[in-house]
Amino acid sequence: MIFSENLILGAGISGIAAAYELKQQNVHSLILEKNKSWGGLLDNFTINGFRFDKFIHLSFAQDNYVNEIFFKSPLIKHTPLPFNYYKGKWLKHPAQNNLYPLDQAEKDLIINDFKSRKQIDVADIRNYEEWLRVQFGDYFAENFSMIYTEKYWTMQAKDLETRWIGNRLYKPTIEEVENGCNTNLTPNTYYAKEMRYPKSGGYKTFLNPMVDCLNIKTDSSVTSIDLENKEVVINSQHVYKFENLISSLPLPEICSLIKNIPLHVLEASNKLNFTSGYLISLGFSKPEIADKLWFYIYDKDILPARVYSPSLKSPDNAPNGCSSIQAELYFSKKSILNIASEDILEQTIEKFISIGLFCVEDLIVKDIRSEKYANVIFDHFIYDNRKIVIDYLESNQVISVGRFGEWDYFWSDQSMLSGRDGALKLINRFR
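Residues numbered from 1 in each chain as written. Predicted model: local features only at pLDDT ≥ 70, side-chain atom pairs only at ≥ 80, totals over all residues. Heavy atoms only, no water.

Q: How would you sum up empty space enclosed by the protein? Please name residues and give values.
A: Empty space among the atoms becomes visible once a probe the size of a water molecule is rolled across them. Enumeration according to the criterion identifies 1 cavity of 30 Å³ or more in this entry. Estimated volume of the largest cavity: approximately 80 Å³. If you trace the largest cavity, you find it lined by I289, A290, D291, K292, L293, W294, F295, V307, Y308, S309, I325 and L357. Of all the elements in the fold, those that place two or more residues in the lining of the largest cavity are β14 (294–297) and β15 (306–308). Taken together, the residues of the lining of the largest cavity sort by class into 9 nonpolar, 1 polar and 2 charged. (1 Å grid on protein atoms, 1.4 Å probe; cavity = no way out; pocket = protein on both sides within 12 Å on 5 of 7 lines; lining within 4 Å. Points joined across faces, edges and corners; volume = space filled by probe spheres on them. Helix = DSSP H or I, 4+ residues; strand = E, 2+ residues; numbered from the N terminus. Nonpolar A, V, L, I, M, F, W, Y, C, P; charged D, E, K, R; others polar.)

Q: I'd like to hear about the packing of aromatic side chains, residue by residue, with values.
A: As enumerated under the stated definition, the model contains 38 aromatic pairs in all. Where F378 meets Y383, the ring centres are 6.4 Å apart and the plane angle is 55°; that geometry is what we call tilted. Take F378 and Y383: they sit in the same class, and that class is buried. Above the plane of the ring of F83 lies K292, whose end atom (NZ or CZ) is 5.4 Å from the centre. Between K292 and the ring centre of W90, over which it is positioned, the NZ or CZ distance is 4.1 Å. (Phe/Tyr/Trp six-rings, centres within 6.5 Å; stacked < 30°, edge-to-face > 60°. Buried < 20%, exposed > 50% of the residue type's maximum accessible area, 1.4 Å probe, protein only. Lys NZ or Arg CZ within 6 Å of the ring centre and 35° of its normal.)

Q: Kindly report on the pairing of strand β6 (residues 83–86), identifying the contributing residues and their values.
A: Bridging between β6 and strand β7 (residues 89–92) involves 4 bridges; their strand directions are antiparallel. By the bridge assignment, Y85 is partnered in β7 with W90. The antiparallel hairpin formed by β6 and β7 contains 2 residues in its connecting segment, where K87 sits at a positive phi of about 50°. When β6 meets β14, the two strands line up parallel, connected through 3 bridges. (Pairing = 2+ DSSP bridges.)

What follows is the structure in structure tokens.
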């Protein structure tokens, strides 16, 4: 049996941030991580000299606490200029006010529906589909937003609530929509003005200043948790005693591990919905293959929802004279993919070749792998079920942090702050 007064489950950004903040307060902790390396969804993998992150990561953090740490690493600054692929045409992002490449007939349909859209107070909107129709009109909602919703969230828009939206979706005026129909020279209305990425080592390099002083034990998969006796079992054999527990594990995962958990809490955790994701990683023998930092795909017959370029994020992510792209394809228990992963990979490659992204002879690396937890799904029952689980953990003195620990729409900087705040909660117990 091993004793660690302060135990942290998971060495993703929130777990690392929690341990780092404790260290700053002269409080020691031990992080247990199931994988062979730390980083969680910020980790990366390398194939024949090509480095790929786990999902897209670019920092646009405004918080001074985050940036004081991130800026310790040499970085590259990008102006965000994303695009959208729609039926053979490339539209600047966001599409709703950058419709210039479309045929006039389709522009007219969008503008007419935009002008005649329902006027409903935001407080009276019942679901995401209604929100989309109110903001953009029926035609754009049905042919753009609702299709992308099913690809990204794996659910129909009517089955999602709306509190998560915030400033993530741009809401143009009719003048902006009409101007975007008449010219491609539109202002950049993306919600971030600058994106940052480390010069070398992948996105997780931003965390190096925190990790250097931490005690992280990898290859340590939690197999059971006894909150009454304050014990965590690792790899079905090693018992760790703790006094305080911080967890960044996804709520459904930690609930499945806790001994004698009340049935209603376990049931609530199992009702929390999330997307899983396939990562399709491609490397090329030429430097100019990847020409867009990232783009979104609206076509139903192309499986991935979005694509980005690791080699454009940083040249360090590809061998000299080469380039790379990585595509994300989402699925969930509500939307199961009945296609073998190798078939997904080959179908995606064929589609990308057909739309002119690259030629087959340029492809020198291809890989597909999956991650169980990609994003939290904001269905109509998320807040009730989340509260049941969080209240139970808090009543048992478990501090839950991070995107899947707090079960929220957190970017990496928000997950980092969640970990820090979790550590401060623990510090306050000592006072």
